[in-house]
Amino acid sequence: MRGHDYGLRLRDQNVGGLHGRGALTTASKTEDCIDISAANVNLYVGFDLTGAGAGSTNVGINILSSAKNANVLINDSVDSFGTGIQVAAANAIVDGNFYTNDNVGNGIVINGASGSAIFDFDSNDNGGIGVAINKGSNVKVFDFDANDNTGTGVSLTKSSGSLVDDFEADTNSTDGLVLNGSSANNIIDCDTDSNTGNGMALSSSNGNTVSDCDANSNTGSGIALSGSNGNAISNGGIYEDKNYGIWLQASSKNVVDYNDAEGNTQAGIYIGCAADGGPTGAACSGIGNSDSNRVTVNYVGKDGVTAQKYGVAVDLGDSMNVISGGNLNSGPSPDTIDDYIDENPDCDKNVWFHNSGSTSSPGSCIPLL
């Protein structure tokens, strides 16, 4: 079927395997390669699926919402389609050490699926997002790379209860990972390095866990929260980001603990509203406060190349935050301005205690060990 327009429609369960020695190629830019609509389908794909490239809007493998419990094993690549793989079915499984690289749009899209799992794959060099989870619930995506995409590496939009684990989202042209309007998800064991935007960006997303993740050398911040409450960020390595290491903007009741936030340009951890250069000592018009956050037992010194301006900084108007157990490097290359700074007069209702470092500002309300 090489070079011909085609579309496989799998409407019966237990269809077995599709085998071939070479790529199965289509000239169609609009017709899906494989559509699965029946429940309980078992499919093995043992060859490359190659689309028509530029201008394509079709899907390589499309698991429709009616295809509950589909089990798809892929051992080769799905490339040059509008979207590589799309899953809308509940409890579908896609695995097999496969590739969704070089698609015109997104590599993998999960649309409204519940309980589905996709693992052991690469989704790199796509024209859109590497992995997009839209309105997904209790989805599991793990053991994968989403690098060098024109869009975000990994995106969760209006999704909840999902696990994204053991992955890289590096050198993407925007952010490494984005959560937008998503809650109660677990992001674990990841690298989000050298992205043109932020390593991770959480927007209007509450109650998520980010654990054991690195966010290094990003053009923006390592991990940036905006309007996001009740999240837990822990055990991360946040180094050499061009703006802030961890930034809480209009975000409250978050827990930030046991992270290394070193060598970032502006601050290791910043609680405030200034887009860059903070703290400014001025409130931002139209942007809410960051209150009642707990920032504990973080290392915010300098072991990297860049001497960040601040270890932990709290800007004017942000109150009832607790900052404790912080440690700084007081060696030959200390931070350049203030290890700790609180722009609120007398620290307002912020509580600082059991921190160590070489300087503090203002010293009257930030006690050091």
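Analysis parameters
Residues numbered from 1 in each chain as written. Predicted model: local features only at pLDDT ≥ 70, side-chain atom pairs only at ≥ 80, totals over all residues. Heavy atoms only, no water. Helix = DSSP H or I, 4+ residues; strand = E, 2+ residues; numbered from the N terminus. Rg over C-alpha atoms; globule rule 2.2 N^0.38 Å. Buried < 20%, exposed > 50% of the residue type's maximum accessible area, 1.4 Å probe, protein only. Contact = heavy atoms within 4.5 Å. Areas by Shrake-Rupley, 256 points an atom, 1.4 Å probe, with all protein chains shown as cover. Lys, Arg positive; Asp, Glu negative; His and termini not counted. Charge placed at Lys NZ, Arg CZ, Asp CG, Glu CD. Pairing = 2+ DSSP bridges. Salt bridge = Lys/Arg side-chain N within 4 Å of Asp/Glu carboxyl O. pLDDT = per-residue confidence, 0-100. Polar contact = N/O pair within 3.5 Å; in protein donor to acceptor, adjacent residues only side chain to side chain. Disulfide = S-S within 2.5 Å. Core = buried A, V, L, I, M, F, W, Y, C linked by side-chain atoms within 4.5 Å. Phe/Tyr/Trp six-rings, centres within 6.5 Å; stacked < 30°, edge-to-face > 60°.

### So, the overall build of the protein chain
Alright, step 1. Of regular secondary structure, the protein chain possesses zero helices and 34 strands.
Alright, step 2. For the protein chain, whose C-alpha radius of gyration is 23 Å, the value lies close to the compact-globule estimate of 21 Å for 369 residues.
Alright, step 3. Taken over the C-alpha atoms alone, the protein chain extends approximately 75 × 35 × 30 Å along its principal axes.
Alright, step 4. For the protein chain, the residues scored as buried account for 54% of the 369 residues in total.
Alright, step 5. Partitioning the intrachain contacts of the protein chain with sequence separation of at least 6 by distance along the chain shows that 52% fall at a separation of at least 24.
Alright, step 6. Of the roughly 13,400 Å² of accessible surface on the protein chain, 46% is carried by carbon and sulfur atoms.
Alright, step 7. Of the charged side chains in the protein chain, 15 are positive and 43 negative; the average position of the first set lies 10 Å away from that of the second.

### A short note on the pairing of strand β10 (residues 83-87)
Alright, step 1. With four of five residues buried, β10 lies mostly within the body of the structure.
Alright, step 2. In terms of strand pairing, strand β7 (residues 59-63) meets β10 through four bridges, oriented parallel. From the neighbouring strand, Ile 61 faces β10, where its bridge partner is Ile 85.
Alright, step 3. Two elements, β10 and strand β13 (residues 108-111), share three bridges in a ladder whose sense is parallel. Bridged to Gln 86 within β13 is Val 109.

### Remarks on the pattern of salt bridges
Alright, step 1. Inspection of the entire model under this criterion finds one salt bridge.
Alright, step 2. Arg 294 is the partner of Asp 257 in a salt bridge, and the nearest nitrogen-oxygen pair spans 3.9 Å. With Asp 257 in strand β27 (residues 255-257) and Arg 294 in strand β30 (residues 294-296), the pair connects residues that are 37 residues apart, well separated along the chain.
Alright, step 3. Among the residues examined, Arg 294 registers a relative accessible area of 40% and is labelled partly exposed.

### Regarding the confidence of the model for the protein chain
Alright, step 1. Here the protein chain averages 91 in pLDDT, while 90% of its residues score no lower than 70.
Alright, step 2. Per-residue pLDDT stays below 50 along residues 1-6; that stretch engages in 21 contacts with residues further than four places along the chain or on separate chains.

### Points about the side chain of Ser 159
Alright, step 1. Within the secondary structure, Ser 159 is located in the loop between β17 (154-157) and β18 (163-168).
Alright, step 2. Polar side-chain contacts of Ser 159 include one of 3.0 Å to the backbone oxygen of Thr 157.

### Structural notes on the state of the cysteines
Alright, step 1. In total, this model carries three disulfides according to the counting rule given.
Alright, step 2. Across a sulfur-sulfur distance of 2.1 Å, Cys 190 and Cys 213 are joined as a disulfide pair. Judged by the sign of its S-S torsion, about 120 degrees, the cystine formed by Cys 190 and Cys 213 is right-handed. Separated by 23 residues along the polypeptide, Cys 190 in strand β20 (residues 186-191) and Cys 213 in strand β22 (residues 209-214) bring together distant segments of the chain. Across this residue pair, the class does not change: Cys 190 and Cys 213 are buried.
Alright, step 3. Between the sulfur atoms of Cys 347 and its disulfide partner Cys 365 the distance amounts to 2.0 Å. Around the S-S axis, the bridge from Cys 347 to Cys 365 shows a dihedral of about 65 degrees and counts as right-handed. Taken as a pair, Cys 347 in the loop between β33 (338-342) and β34 (351-353) and Cys 365 in the segment after β34 lie far apart in primary sequence, 18 residues in all.

### Here's the deal with the sheet that holds strand β9 (residues 78-79)
Alright, step 1. The sheet built from three strands is open, its strands ordered β3-β6-β9 with parallel pairing. At either end of the open sheet lies a strand with only one pairing partner, and these are β3 (24-25) and β9.

### Things to note about the nonpolar core
Alright, step 1. Leu 49, Ile 63 and Val 154 are the most contacted members of the largest nonpolar core, which totals 70 residues.
Alright, step 2. Here Val 154 is in contact with Val 131, Phe 144, Ala 146, Val 164, Phe 167, Ala 169, Gly 176, Leu 177 and Val 178, once residues within four sequence places are set aside.
Alright, step 3. With nine residues, the next largest nonpolar core counts Tyr 244, Ala 267, Ala 274 and Tyr 310 among its residues.

### A look at the packing of aromatic side chains
Alright, step 1. Enumeration according to the criterion identifies seven aromatic pairs in this entry.
Alright, step 2. With a centroid separation of 4.9 Å and 5 degrees between ring planes, the pair formed by Phe 121 and Phe 144 is classed as stacked. Of this pair, Phe 121 sits in strand β14 (residues 117-122) while Phe 144 sits in strand β16 (residues 140-145); the two residues are 23 residues apart in sequence, bridging distant segments of the chain. No difference in accessibility class separates Phe 121 from Phe 144, as the two residues are buried.

### Thoughts on the environment of Ser 182
Alright, step 1. Relative to the helices and strands, Ser 182 resides in the loop between β19 (177-180) and β20.
Alright, step 2. Ser 182 sits in the buried class, given a relative accessible area of 0%.
Alright, step 3. Ser 182 sits 24 residues away from Asn 206 along the chain, and the two C-alpha atoms are 6.7 Å apart.
Alright, step 4. Contacts of Ser 182, omitting those with residues within four sequence positions, involve Leu 156, Thr 157, Lys 158, Ser 159, Ser 204, Ser 205, Asn 206 and Asn 208.
Alright, step 5. A distance of 3.1 Å separates a polar side-chain atom of Ser 182 from the backbone nitrogen of Ser 159.
Alright, step 6. A polar contact is formed between the side chain of Ser 182 and the backbone oxygen of Asn 180, at a distance of 3.2 Å.

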